[in-house]
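Below, each chain spelled out in residue letters.
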Amino acid sequence: MSACVQALSATGAGLAMTRNGDLLEPLLSTAPEMGELDELQFELGEGPSGDAVAAGTPVFEADLAGVEAGRRWPAFAAAGADRGVRGAFAFPVAAGAAKIGILTVYRKEPGSLRDSQVLDALVFADAIFVLALDHRQGVSADLDEVIEIAFTARRAEVHQAAGRLASQHGISVTDALARLRAHAYTDGVSLHHVATDVMEGRLQLDQDVAPGGDPPGGGPAATDPEDFEKEQEED
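The following paragraphs examine the structure supplied in this document. What you see is a predicted model; the values in this text were computed from it and never measured. (Residues numbered from 1 in each chain as written. Predicted model: local features only at pLDDT ≥ 70, side-chain atom pairs only at ≥ 80, totals over all residues. Heavy atoms only, no water.)

1. Some details on the overall build of the chain
Scanning the chain for helices and strands turns up ten helices and seven strands. Of all 235 residues assigned to the chain, the portion counted as buried reaches 43%. Here the contacts in the chain between residues at least 6 apart in sequence split such that 62% fall between residues at least 24 apart. Entry remark: accessible area of the chain is about 11500 Å², with carbon and sulfur atoms responsible for 51%. (Helix = DSSP H or I, 4+ residues; strand = E, 2+ residues; numbered from the N terminus. Buried < 20%, exposed > 50% of the residue type's maximum accessible area, 1.4 Å probe, protein only. Contact = heavy atoms within 4.5 Å. Areas by Shrake-Rupley, 256 points an atom, 1.4 Å probe, with all protein chains shown as cover.)

2. Here's the deal with unusual backbone geometry
Positive phi is not limited to glycine here, since Ser-9 has a value of about 50°. Tracing the backbone through its elements, the reader meets Ser-9 in the loop between α1 (2-7) and β1 (12-17).

3. Points about the environment of Gly-12
One can find Gly-12 in strand β1. Here Gly-12 falls in the buried class, since its relative accessible area comes to 0%. Here the alpha-carbon distance between Gly-12 and Val-105, two residues 93 residues apart in the chain, equals 6.1 Å. Ignoring any residue separated from it by four or fewer positions in sequence, one finds Gly-12 in contact with Val-5, Thr-30, Met-34, Thr-104, Val-105 and Tyr-106.

If you want it as structure tokens, here you go:
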């Protein structure tokens, strides 16, 4: 990734991986600051990386401080600009339907990538894809183990907390995850920290409960925490 950063005259880059082509998990970065930006996208549920994996095409933003970026990702764009990052460019690490992850490159100066730089980034994304695969078994055992550890370390508890909220308040797990993210962003803490507090009973996110203590009506049926992964796959 360092070679990609140099070729694109960038500040740094991050690699986030996915197992099912849905939620991304930050895995590697060229610097802690870049890892924080990838993590922020996961916590906020918005940003170029998520858009790129959903669309299956590169997503470019020349200026996170610009009006358009603020419309696309109001929370992430503001947070990135506050950290002195202006450009964000996300490239799928994929081949056809086989989605492995997203390579996101960050720059401190605003401005679009040159055509030659876009081609270079696509080559680096393809190289990551090739390195991640062997010729016989798809994702190599070593990489699969690394991804499994990364997903289990943080996503499991976040998903369990979302499942618990969904069950308590009669909402979908998607809405529960959004509530966790909103609380983390408002309080300036990590999503994993909020999830841990919810699971250990130190935090009750019941501000949206209807008067009288009943959960808001009209929402989807409650979902047990163990069913979270299944619902995510179906979404």
